[in-house]
Amino acid sequence: MRFEEQLLMDLKAEMTARNDRSRRIGRRLLAGAAVAGLAAVAAVAVPLLSGPEPAYAVSKNPNGTLTVELKEFRDADQLEQDLKDLGVTADVTYLKPYTKCQDGRGALVGGGYDTPEEWRKSVHYKVARPANKAFVIDPRQVGKGQTVLLEFTENPNGPYKSQLKAEVVEGSVKPCVPEHDPTQVG
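Quick caveat, the model's predicted, so the values are computed rather than measured.

Definitions and cut-offs
Residues numbered from 1 in each chain as written. Predicted model: local features only at pLDDT ≥ 70, side-chain atom pairs only at ≥ 80, totals over all residues. Heavy atoms only, no water. Pairing = 2+ DSSP bridges. Helix = DSSP H or I, 4+ residues; strand = E, 2+ residues; numbered from the N terminus. Contact = heavy atoms within 4.5 Å. Axes fitted to C-alpha atoms, helices over the stretch in contact; angles between N-to-C directions. Disulfide = S-S within 2.5 Å. Buried < 20%, exposed > 50% of the residue type's maximum accessible area, 1.4 Å probe, protein only.

A.B. asks: Can you walk me through the sheet that holds strand 5 (residues 107-108) in this structure?
C.D. replies: Within a sheet, neighbouring strands are paired by backbone hydrogen bonds and run either parallel or antiparallel to one another. Read across the sheet, four strands follow the order 3-8-9-5 without closing on themselves; strand pairing throughout is mixed. Each having just a single partner strand, strand 3 (90-95) and strand 5 make up the two edges of the open sheet. The pairing of strand 5 with strand 9 (residues 162-170) spans two bridges and is antiparallel. Pairing of Ala-107 across the sheet is with Glu-170, part of strand 9. Strands in contact with helix 2 (residues 76-85) are strand 3 and strand 8 (146-154); relative to strand 3, the strand with the most contacts, it is inclined by about 155 degrees.

A.B. asks: Please clarify how the sheet that holds strand 7 (residues 135-137) should be interpreted in this entry.
C.D. replies: Strand order in this open sheet of four strands is 1-2-7-6, and the pairing throughout is antiparallel. Sheet topology places strand 1 (56-60) and strand 6 (128-130) at the edges, where each strand pairs with a single neighbour. If you compare each strand with its neighbour and ignore which way they point, the axes differ by 20 degrees on average. Where strand 6 lies against strand 7, three bridges are found, and the strand directions are antiparallel. Residue pairing in the sheet places Pro-130 in a bridge with Phe-135 of strand 7. The sheet strands contacting helix 2 are strand 1, strand 2 (66-70) and strand 7, and the helix crosses strand 1 at an angle near 5 degrees.

A.B. asks: Can you walk me through the state of the cysteines in this structure?
C.D. replies: One way to say it: the disulfide is the covalent bond shared by the sulfur atoms of two cysteines. Per the stated rule, a full pass over the model turns up one disulfide. Paired through a disulfide, Cys-101 and Cys-176 show a sulfur-sulfur distance of 2.0 Å. Negative torsions about the S-S bond denote left-handed disulfides, and the value of about -105 degrees found for Cys-101 with Cys-176 makes this one left-handed. Pair noted here: Cys-101 is in strand 4 (residues 99-101) and Cys-176 is in the loop between strand 9 and strand 10 (178-180), with a separation of 75 residues, a long-range link. For the residue pair Cys-101 and Cys-176, the accessibility class agrees, reading buried in each case.

A.B. asks: Whenever I open this one, unusual backbone geometry confuses me. Can you help?
C.D. replies: Most peptide bonds take the trans configuration, and most residues that are not glycine carry a negative phi. A positive phi angle, near 65 degrees, is found at Asp-75, a position not held by glycine. In this fold, Asp-75 is placed in the loop between strand 2 and helix 2. Residue classification places Asp-75 among the partly exposed positions, given a relative accessible area of 37%. The phi dihedral of Tyr-98 is positive, around 65 degrees, even though this residue is not glycine. Secondary-structure assignment places Tyr-98 in the loop between strand 3 and strand 4.

Below, the structure is given as structure tokens:
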């Protein structure tokens, strides 16, 4: 074999080897791009499949109370249903800052309260208490035919995200008619 023929054969072998390496690298790059693409699709699809984060979470405590953690002021009807499923009839209202529901939405259990002492002794004080970014409902404070009114007012300038007013009424409940609340300073 002549030198030129040997050189040509070596050159062809080198070109074939380069092409093989190039194809392997191309396949690896293509596979890597496909995996990255699938990961990107999964990162977008998983939140879409699981839906938006829930507006609240309700959990039952060992002592029979319920802890409700509010994350957003939405889905009041669903929160009412979830509480009903756990034995508490509730009317949940979300209000804008500096507003409240008009008084007289129903007959207050145990009558009204005029002083802080009367308030602390009332069922209204005992039915729902704030608890570390949540509130706790005591179902034992809500009897048959009674409804706990839960009114949440947004409080953007206060130390807490919202204010809670809870009252227990007997019988029918009138809808909330929002009005200005002069007790809220803003």
